[in-house]
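# Examining the three-dimensional arrangement
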Amino acid sequence: QTGARDLVPNFQDDSGSGRSFNDIMDLIGIKIGQRMPAMSAFDAEIGRFGEMRKTIAELRAPIDIHWLRVNALPVKMALVQFAQKWESQYTDFLKESTDRVLTSMCHFITKVQDGLMNPDNDPMANPENNELLYDTMRHNRDVKLAMKATRDLFTPIREHTLALKKHGCPLSEEKLLEIGRAS
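Every chain is numbered independently, its residues counted from 1 as its sequence is written. Per-residue local features of the predicted model are confined to residues with pLDDT of at least 70, and side-chain atom pairs are confined, for both listing and counting, to 80 or more; whole-chain, interface and lining totals are unaffected and use all residues. Each side-chain value is worked out from all heavy atoms of the structure, with water and hydrogens disregarded.

## Looking at helix H5 (residues 130-166)
One turn of the α-helix equals 3.6 residues, which is why residues spaced by three or four share an orientation. A rise of 1.5 Å per residue sets the reference length of H5, with its 37 residues, at 54 Å; its end C-alpha atoms lie 51 Å apart and thus fit the reference within 8%. Within H5, the axis deviates most sharply at Ala146, by approximately 45 degrees. Per the convention used, a helix needs a DSSP run of H or I reaching at least four residues, while a strand needs a run of E reaching at least two, with both numbered from the N terminus. By this rule, a helix spans an expected 1.5 Å times one less than how many residues it contains. At any given residue, the bend is defined as the angle formed between two axes, one fitted to the seven residues that end at that position and one fitted to the seven that begin there.

## Concerning the packing of aromatic side chains
The pairing test for Phe, Tyr and Trp rings, Trp by its six-membered ring, is centres within 6.5 Å, and the orientation test on the planes gives stacked under 30 degrees, edge-to-face over 60, and tilted for anything in between. Scanning the model with the defined rule gives four aromatic pairs in all. Relative to Tyr90, the ring of Phe42 lies with its centre 5.3 Å away and its plane at 70 degrees, an arrangement referred to as edge-to-face. Here Tyr90 lies in helix H4 (residues 73-117) and Phe42 lies in helix H3 (residues 39-58), a separation of 48 residues in the sequence. Residue classification places Tyr90 among the partly exposed positions, given a relative accessible area of 22%. Following the ring pairs from residue to residue traces out a cluster consisting of Phe42, Phe49, Trp86, Tyr90 and Phe93. To sit over a ring, a charge needs its Lys NZ or Arg CZ within 6 Å of the ring centre and within 35 degrees of the ring normal. The aromatic ring of Phe49 is capped on one face by Arg48, whose charged end is 4.7 Å from the ring centroid. A simple rule labels every residue: compare its accessible area, found with a 1.4 Å probe on the protein chains alone, to the largest value its type can have, and call it buried under 20%, exposed over 50%, or partly exposed in between.

## Examining the environment of Asn22
Assignment of secondary structure puts Asn22 in helix H2 (residues 21-28). Placed 127 residues apart in sequence, Asn22 and Ala149 show a C-alpha to C-alpha distance of 9.4 Å.

Shown next, in the form of structure tokens:
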């Protein structure tokens, strides 16, 4: 996966593991997805298609040129639909990418909380069960590795969420509540 390079530029791992951002995300199970362009370029493209759609929609049809009446309505409608389709492609991609990352993060947080906070998973209560001990050690390692990486991941997620809201395509209230409950 190469998408994380664009989400968190210049990532420095403070845990001392020497792992890259991609390696940490793969290890803890957060799916970043495919490469994303810079948010400013993405935002500009969404804005460009939105503006194109509005401009075309405001054009008059039919048009009289001297004695000739030109009915440009079918062409106008096709162009508006084309601009709307591409605006929607960009916002849908951004929304799905952000949703996927948030879902993966919530799953990771829930998994770690269950592994570390659930009394049924306490290795001290069941010392013969080595698997519980290994799971607890794995969760501790994952939390230590993920702390800075997930903190750095919230900046691009916030940018994506604000861009979606700006273009009239906000994330669902349930998704925002889910990340709030998980953290």
